[in-house]
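Chains, contacts and geometry: an overview
The chain contents come next:
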Amino acid sequence: MTALSERPAVSARRLSGVVGSYVALTKPKLVELLLVTTLPAMMMAADGWPSWQLVGATMVGGMFAAGAANTFNCWYDRDIDRLMSRTRDRPIPSGAVSPRAALAFGLVLAAASLTLLWVATTPLATALAAVAILAYSVVYTMVLKRRTRHNTVFGAFPGAAPVLIGWAAVTGSLDWPAVAFFAVVFCWQMPHFWALASRYREDYARAGVPMLSVVAGPASVGRQSVAWAWATLGATLLMGSITPVLNWAFAIGGGLLGAWYVAESHQWLTRIRNAVPDRPMRLFSVSITHMTLLSIAIAIDVLV
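Residues numbered from 1 in each chain as written. Predicted model: local features only at pLDDT ≥ 70, side-chain atom pairs only at ≥ 80, totals over all residues. Heavy atoms only, no water.

Description of the overall build of the protein chain
The condition is simple: Under the scheme used here, helices are H or I runs from DSSP no shorter than 4 residues and strands are E runs no shorter than 2 residues, and both carry numbers assigned from the N terminus. We compute the radius of gyration over the C-alpha atoms and compare it with the globule rule, which gives 2.2 Å times the number of residues raised to the power 0.38. The rule is simple: take the accessible area with a 1.4 Å probe, protein chains only, and divide by the maximum for that residue type; under 20% is buried, over 50% is exposed, in between is partly exposed. Each accessible area is a Shrake-Rupley estimate made with a 1.4 Å probe; only the visible protein chains count as cover when residues are assessed. A positive count includes Lys and Arg, and a negative count includes Asp and Glu. His and the chain ends are not counted in either. In this description, the location of a charge corresponds to atom NZ of lysine, CZ of arginine, CG of aspartate or CD of glutamate.
Per the secondary structure count, the protein chain includes 14 helices and zero strands. Walking the protein chain from its N terminus toward its C terminus, one meets helices and strands in the order α-α-α-α-α-α-α-α-α-α-α-α-α-α. In terms of overall size, the protein chain behaves like a compact globule, its C-alpha atoms giving a radius of gyration of 20 Å where 304 residues would be expected to give roughly 19 Å. Per-residue burial for the protein chain yields a buried fraction of 50% across its 304 residues. When the accessible surface of the protein chain is summed, it comes to about 13900 Å², and 67% of that surface belongs to carbon and sulfur atoms. Once the 23 positive and 13 negative side-chain charges of the protein chain are each reduced to a mean point, those two points are 9 Å apart.

Points about the side chain of Glu264
Selection criterion: N or O atoms closer than or at 3.5 Å make up a polar contact, with two conditions inside protein: a donor-capable atom paired with an acceptor-capable one, and, for residues adjacent in sequence, both atoms drawn from side chains. Here, two residues are considered to be in contact whenever any of their heavy atoms come within 4.5 Å of each other.
Within the secondary structure, Glu264 sits in helix α13 (residues 248-273). Judged by relative accessible area, Glu264 falls into the buried class, the value being 3%. One polar contact links Glu264 to Arg282, side chain to side chain, over a distance of 3.3 Å. Not counting residues within four places of it along the chain, the set of residues in contact with Glu264 comprises Arg271, Arg282, Leu283 and Val286.

Examining the environment of Val138
Checked against the element boundaries, Val138 lands in helix α7 (residues 123-144). The contacts of Val138, once residues within four sequence positions are left out, are Ile133 and Val143.

Description of the packing of helix α9 (residues 176-199) against helix α12 (residues 218-242)
Rules: Note on geometry: axes are lines fitted to C-alpha atoms, helical ones only across the stretch in contact, with angles between N-to-C directions running from 0 to 180 degrees. Every angle not falling under 35 degrees, over 145, or within 65 to 115 is termed oblique; those three ranges are roughly parallel, roughly antiparallel and roughly perpendicular. For a crossing to be left-handed, the near helix must be turned anticlockwise from the far one by less than a right angle; the clockwise case is right-handed. Side-chain classes follow a simple rule in which Ala, Val, Leu, Ile, Met, Phe, Trp, Tyr, Cys and Pro form the nonpolar group, Asp, Glu, Lys and Arg form the charged group, and the remainder, Gly included, forms the polar group.
Running from N to C, α9 and α12 cross one another at 160°; their axes reach a closest spacing of 8 Å. Taken as axis vectors, α9 and α12 run roughly antiparallel relative to one another. As α9 packs across α12, the resulting crossing turns out to be left-handed. Partitioned by chemical class, the residues of the contact of α9 with α12 number 19 nonpolar, five polar and no charged.

A short note on α7
The criterion, for reference: The seven residues ending at a residue and the seven starting there each receive a fitted axis; the angle between those axes is the bend at that residue.
Within α7, the axis deviates most sharply at Ala135, by approximately 35°. Considered for burial, the residues of α7 that qualify are Ala125, Thr126, Leu128, Ala129, Ala132, Ile133, Tyr136, Ser137, Tyr140, Thr141 and Leu144. Of the surrounding secondary structure, the elements contacted by the buried residues of α7 are α3 (52-76), α6 (99-120) and α8 (151-171).

With respect to unusual backbone geometry
The residue Lys27 is not glycine, and still its phi comes out positive at about 55°. The phi dihedral of Ala275 is positive, around 55°, even though this residue is not glycine. Residue placement: Ala275 occurs in the loop between α13 and α14 (280-303).

Remarks on the packing of aromatic side chains
Our working rule: Here a Phe, Tyr or Trp ring, Trp counted by its six-membered ring, pairs with any other such ring whose centre lies within 6.5 Å, and the pair is stacked when the planes are under 30 degrees apart, edge-to-face when over 60, and tilted otherwise. Remark: a charge is flagged as sitting over a ring if the NZ atom of Lys or the CZ atom of Arg is within 6 Å of the ring centre and within 35 degrees of the ring normal.
One pass over the full model with this rule turns up eight aromatic pairs. With a centroid separation of 6.2 Å and 15° between ring planes, the pair formed by Phe182 and Phe186 is classed as stacked. Here Phe182 and its partner Phe186 are both found in helix α9, four residues apart, which amounts to about one turn of the helix. Assessed through its relative accessible area of 15%, Phe182 is described here as buried. The buried category is assigned to Phe186, whose relative accessible area is 10%. Cation over ring: Arg86 sits above Tyr200, and NZ or CZ is 5.3 Å from the ring centre. We note Arg199 situated over the ring of Tyr200; from NZ or CZ to the ring centre the distance is 4.7 Å.

A look at a nonpolar patch on the surface
Rules: To count toward a patch, a residue needs a relative accessible area above 30% and no salt bridge. Like charges then connect within 9 Å, nonpolar side chains (Val, Leu, Ile, Met, Phe, Trp, Tyr) within 5 Å. The salt bridge criterion pairs a side-chain nitrogen of Lys or Arg with a carboxyl oxygen of Asp or Glu, the two atoms within 4 Å.
Residues Trp49, Trp52, Trp260, Leu293, Ile296, Ile300, Leu303 and Val304 make up a contiguous nonpolar surface patch of roughly 900 Å² in combined accessible area. Residue contributions to the nonpolar patch peak at four residues, all from α14. Here Ile300 is to be found in helix α14.

Section: the nonpolar core
Put simply, the rule reads: Buried Ala, Val, Leu, Ile, Met, Phe, Trp, Tyr and Cys residues form a nonpolar core when they are joined through side-chain atoms within 4.5 Å.
Counting 64 residues, the largest nonpolar core has Met44, Phe181, Phe186, Met239, Leu246, Ile298 and Val302 as the members making the most contacts within it. In terms of residue count, the dominant contributor to this core is α9 (13 residues). Apart from the residues within four sequence positions on either side, Ile298 is in contact with Pro40, Met44, Phe181, Met239, Leu246 and Phe250.

What follows is the structure in structure tokens.
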């Protein structure tokens, strides 16, 4: 009787483990970060709160699109993921999910994403989502990541695409405020990812991936991160000045957040130059907080 009563619990744990493995393929933390920028873009486009139906469809569709792209990335990079301490426990290298099953899962997510966006949003939003999936999974992952130090710059295009998708889902078109917000997210990604790549420099070097932190010295990475942090601040101020639904409150809040990002990037460069522990993950953490608070500031400014 005891063995029989334990079977449902064992089956539930196995099912939970399988589901968890497939969810891990989508890189949920990265998906969350991408979706953080989608909603404020929709609110700016609508000059308020869009319908719940549209928000739900766009967010779920965007989640599936990002999850599909990340799953394709895990499928293609399974060989180098085995070599890196940060990624060797991912579902495919660990054997939790087979490569064939992962590829099928990615295709299902992509189809579900584009179908939902087509039915519930606009053709432009659907097309942008399709381009973002292809840009990340094919152009970045399969073509550029292992060939050029500029891979992060190219990878930043699909990373900022949720802004355009969110705007297009509301209006069916694009406008300069959407382009400015896209520029903010695009520029923001370079210090964000270079800090992470610096923390795992040895991993990328072992896998033969020419991240900037592998092929350039730490000081060069720090200087370029500072430049892109300043570009993030500039794009933020530009967005505030050309977006009618944003007022002085965002200009101040966005400016302060951008200045914080710039200051932290300068501090990272200073630590590198002084040959002390550079703590790149400090900038990485600041970058996440910065983008989250910036998106919240946009939402509050639109509603208030």
